[in-house]
Amino acid sequence: GVICEEICGYCKCFLLILRKTIFNMDLFTIVTARADYEQGALVIIDQTQLPGREVYLALKTPEEIWEAIYLLKVRGAPAIGVAAAYGISVCMQKVNEVDDFYREFARVKNYLASSRPTAVNLFTALERMEAALLKCQGAGVEVLKQVLREEAEAIRKEDATACRKIGEYGLSLLKPGMGLLTHCNAGHLAVSEYGTALAPIYLGQEQGFGFSVFADETRPLLQGARLTAFELQKAGVDVTLICDNMASSVMKQGWVQAVLVGCDRVAANGDTANRIGTSGVAVLAKYYGIPFYVLGPTSTIDMDCPTGKEIKIEERDPAEVTEKWYTRRMAPGGIHVYNPAFDVTSAELITAIITEKGIAYPPFRDTFRRWKE
Ligand code: MRU
């Protein structure tokens, strides 16, 4: 898709039709986040309304973009980075005074960076946008706007290209007919194109690997039930939805030969933050002797973060646990609720970390250093 997009629109069209007819991949026609400069908006698919409704939102102000990220209307580590990059670019197109440009950029950047603390991609994307601007000090306002548009597009394209490579490396570790288990959503909706943890599954689907996939529902926001189940089903993959507390049961019955998960921030020693519940799946995989693979772009590796202990874990509204999704509140009023959005899987539980640059095995640090040079 990425290569064709650069060649011509006809090729892109042909590829989409091919995917739709042969591989049933009409899923890829859904666009997670894009900039519409004519409308002056960041356009996202509202992931909180999936799978019931495919609704696109046009977000025009920093406040609307902040809220969409905070409320997980756009979510998934790389997608948050792409949305923030497009978002700040769109907002800055409205600034016409060069004297105000850098000040306003810093204000919007700090504001968007405060929307969610754990996924490093949000910060790296905003830092990249700033670095691109700083290279152009002294340039006119139109040049600065153009630079932001180009950098945001480059971030999205690099993500899409990385996904394809991650899929290829991931698939090299899998065999036809395997049972796979995944947690949360690290697919097309969380990135672009093939996603990360789901990339080997989509590639395998195209190549007739015949995987059977178990999708954890992923309490409390149900990204597995609403998004992964939706994505994989739409792509024609054999997918079975399970509650989070059923993972042990399906593993014990010998139905899972590998676990594939995404990541929000990987520390320099390999400790990995991902959606809450991931570390429990890793402990179970170790117990049952099942390989546990983390898949993500190298932009998710944070060499400034020595171990998982330094990763800031987002805590969210207790109502996500007590009442969201229920027709009436399910817990007693006034109950104390702990609702962390992420947990950290210790590096020792991870069989391999798969990026666009290759496969890292423990100890991870040296490979990461080489990749991040
Ligand atoms: O809170 P979310 O839905 O943004 O959490 C998402 C995850 O944990 C994903 O696994 C991670 O961002 C990787 S997405 C390629």
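Thresholds, definitions, all that
- Residues numbered from 1 in each chain as written.
- Predicted model: local features only at pLDDT ≥ 70, side-chain atom pairs only at ≥ 80, totals over all residues.
- Heavy atoms only, no water.
- Helix = DSSP H or I, 4+ residues; strand = E, 2+ residues; numbered from the N terminus.
- Rg over C-alpha atoms; globule rule 2.2 N^0.38 Å.
- Contact = heavy atoms within 4.5 Å.
- Phe/Tyr/Trp six-rings, centres within 6.5 Å; stacked < 30°, edge-to-face > 60°.
- Buried < 20%, exposed > 50% of the residue type's maximum accessible area, 1.4 Å probe, protein only.
- Lys NZ or Arg CZ within 6 Å of the ring centre and 35° of its normal.
- Axes fitted to C-alpha atoms, helices over the stretch in contact; angles between N-to-C directions.
- Left-handed = near helix turned anticlockwise from the far one by under 90°.
- Nonpolar A, V, L, I, M, F, W, Y, C, P; charged D, E, K, R; others polar.
- pLDDT = per-residue confidence, 0-100.
- Near = heavy atom within 4 Å.
- Polar contact = N/O pair within 3.5 Å; in protein donor to acceptor, adjacent residues only side chain to side chain.
- Arc of directions from axis to C-beta.

Bringing the overall build of the protein into the picture now. Per the secondary structure count, the protein includes 13 helices and 14 strands. Taken over the C-alpha trace, the protein has a radius of gyration of 20 Å; the compact-globule value for 373 residues is 21 Å, and the two agree within 12%. Dimensions of the protein, computed from the C-alpha atoms along their principal axes, are close to 65 × 55 × 45 Å. Look at the contacts in the protein between residues 6 or more apart in sequence, and 75% of them connect residues 24 or more apart.

Another aspect to go through is the packing of aromatic side chains. Note on aromatic pairs: each is described by the distance of the centres and the angle between the planes. Under the defined criterion, the tally for this structure stands at 7 aromatic pairs. Both rings, one in Trp66 and one in Tyr111, keep their centres 6.0 Å apart while their planes meet at 20 degrees; by these two values the pair is stacked. Separated by 45 residues along the polypeptide, Trp66 in helix 3 (residues 62–70) and Tyr111 in helix 5 (residues 98–113) bring together distant segments of the chain. The exposure class of Tyr111 is partly exposed, given its relative accessible area of 25%. Through a chain of ring-to-ring contacts, three or more aromatic side chains come together here, namely Trp66, Tyr70 and Tyr111. Taking NZ or CZ as reference, Arg149 lies 5.7 Å from the ring centre of Tyr37, over its face.

So, on to the packing of helix 6 (residues 120–134) against helix 7 (residues 141–171). Where helix 6 meets helix 7, the axes come as close as 9 Å, and the angle between the chain directions of the two elements is 140 degrees. Read as a crossing pair, helix 6 and helix 7 show a hand that is right-handed. Between helix 6 and helix 7, the contacting residues are Ala125, Arg128, Met129, Ala132 and Leu133 on the first element and Leu144, Val147, Leu148, Glu151, Ala152, Ala154, Ile155 and Glu158 on the second. The residue inventory of the contact of helix 6 with helix 7, partitioned by class, reads 10 nonpolar, no polar and 3 charged.

The subject of this paragraph is the confidence of the model for the protein. For the protein, per-residue confidence averages 93 on the pLDDT scale, and 93% of positions sit at 70 or higher. Of the regions scoring below 50 in pLDDT, residues 1–7 engages in 11 contacts with residues more than four places distant in sequence or in other chains.

We now examine the site of the ligand. As a matter of local geometry, the ligand sits amid 18 residues, with Arg75, Ala77, Arg116, Asp264 and Asn274 nearest to it. Gly76 is positioned such that a nitrogen or oxygen atom in its backbone is 3.1 Å from an oxygen atom of the ligand. Of all the secondary-structure elements, those providing two or more residues to the shell around the ligand are helix 4 (77–92) and strand 9 (272–275). Class assignment of the residues belonging to the shell around the ligand gives a composition of 9 nonpolar, 5 polar and 4 charged.

This part takes up helix 13 (residues 365–372). Listed as buried for helix 13 are Thr367, Phe368 and Trp371. Down the axis of helix 13, the smallest arc covering the buried residues is 100 degrees, so these residues share one side. Buried positions along helix 13 lie against strand 8 (265–267), strand 11 (301–302), strand 13 (352–355) and strand 14 (358–360).

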